[in-house]
Amino acid sequence: MNYIVFDLELNSKVFKSKIPNEIIEIGAIKLNEQLEMTDSFQAFVKPKVHRRLFPVVKRKTNILQQDINDARSFKEVLASFREWIGSNYVLCSWGHDDIHHLKLNCQFNRASIKWINAHIDVQKHFSKIYNAPAGQRYSLSRALEILEIPVEEELHRADVDAKFTAEVFVRIYEKIENLN
């Protein structure tokens, strides 16, 4: 079985809409049962509705409009991602938002969500293990500080955040097992 530690970047709207925030980047790390990194995945996704990146997204992620313009559709990237994942896996992410947005984007694009089953919320477990104040959760950057993991890259890129989430997951894996 593999652990698929993934992260998403979204073209997040600053206004309310029935249209979900569209995924513009998927990044993931594949860990085997020994928690060794065996592969990585990164792909930009061309938004279907809001084709221009919102200014706040550009500032936060440093993703270029050209990266999105040249990207494949959500369904094409999703097919590649699912093929890369394989058949025996557990999805892992920092928080519950990414799994939520993945499901919403699948539904919006009329893609199956049946493959989105087992999920580990690394942020929830980390926050419990490291005694976050009641009702709060640690950010990924705070978790990296606590674990003294050096950060040479800018966060808020899907591939980078997935890599660091995987590092945190590997470090706390045994403690997660003890929680259950």
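Residues numbered from 1 in each chain as written. Predicted model: local features only at pLDDT ≥ 70, side-chain atom pairs only at ≥ 80, totals over all residues. Heavy atoms only, no water.

A word on the overall build of the protein chain
Logical step 1: Helix and strand counts for the protein chain stand at 7 helices and 5 strands.
Logical step 2: Put simply, the protein chain runs from its N terminus to its C terminus through helices and strands in the order β-β-β-α-α-α-β-α-β-α-α-α.
Logical step 3: Projecting the C-alpha coordinates of the protein chain onto the three principal axes gives extents of approximately 45 × 35 × 30 Å.
Logical step 4: Out of the 180 residues in the protein chain, the part that is buried amounts to 49%.
Logical step 5: Considering only contacts within the protein chain whose residues lie at least 6 apart along the sequence, 66% involve residues at least 24 apart.
Logical step 6: The averaged location of the 24 negative side-chain charges in the protein chain is 11 Å from the averaged location of its 25 positive side-chain charges. (Helix = DSSP H or I, 4+ residues; strand = E, 2+ residues; numbered from the N terminus. Buried < 20%, exposed > 50% of the residue type's maximum accessible area, 1.4 Å probe, protein only. Contact = heavy atoms within 4.5 Å. Lys, Arg positive; Asp, Glu negative; His and termini not counted. Charge placed at Lys NZ, Arg CZ, Asp CG, Glu CD.)

With respect to a nonpolar patch on the surface
Logical step 1: Together, V14, F15 and V56 give the surface a local cluster of nonpolar side chains, amounting to about 280 Å² of exposed area.
Logical step 2: Turning to its location among the elements, V56 is positioned in helix α1 (residues 55-61). (Patch = residues over 30% accessible without salt bridge, like charges linked within 9 Å, V, L, I, M, F, W, Y side chains within 5 Å. Areas by Shrake-Rupley, 256 points an atom, 1.4 Å probe, with all protein chains shown as cover. Salt bridge = Lys/Arg side-chain N within 4 Å of Asp/Glu carboxyl O.)

Here we look at the nonpolar core
Note on soluble globular proteins: their nonpolar side chains tend to be buried together.
Logical step 1: Formed by 29 residues in total, the largest nonpolar core has its most connected members in Y3, V122, F126, V168 and F169.
Logical step 2: Residue assignment for this core shows that the elements contributing at least two residues are β1 (2-11), β2 (22-31), β4 (89-93), α5 (122-129), α6 (140-146) and α7 (158-179).
Logical step 3: For this core, the leading source of residues is α7, giving 9 residues.
Logical step 4: Contacts of Y3, omitting those with residues within four sequence positions, involve I29, K30, L31, N32, L35, V90, C92, I120, F169 and Y173. (Core = buried A, V, L, I, M, F, W, Y, C linked by side-chain atoms within 4.5 Å.)

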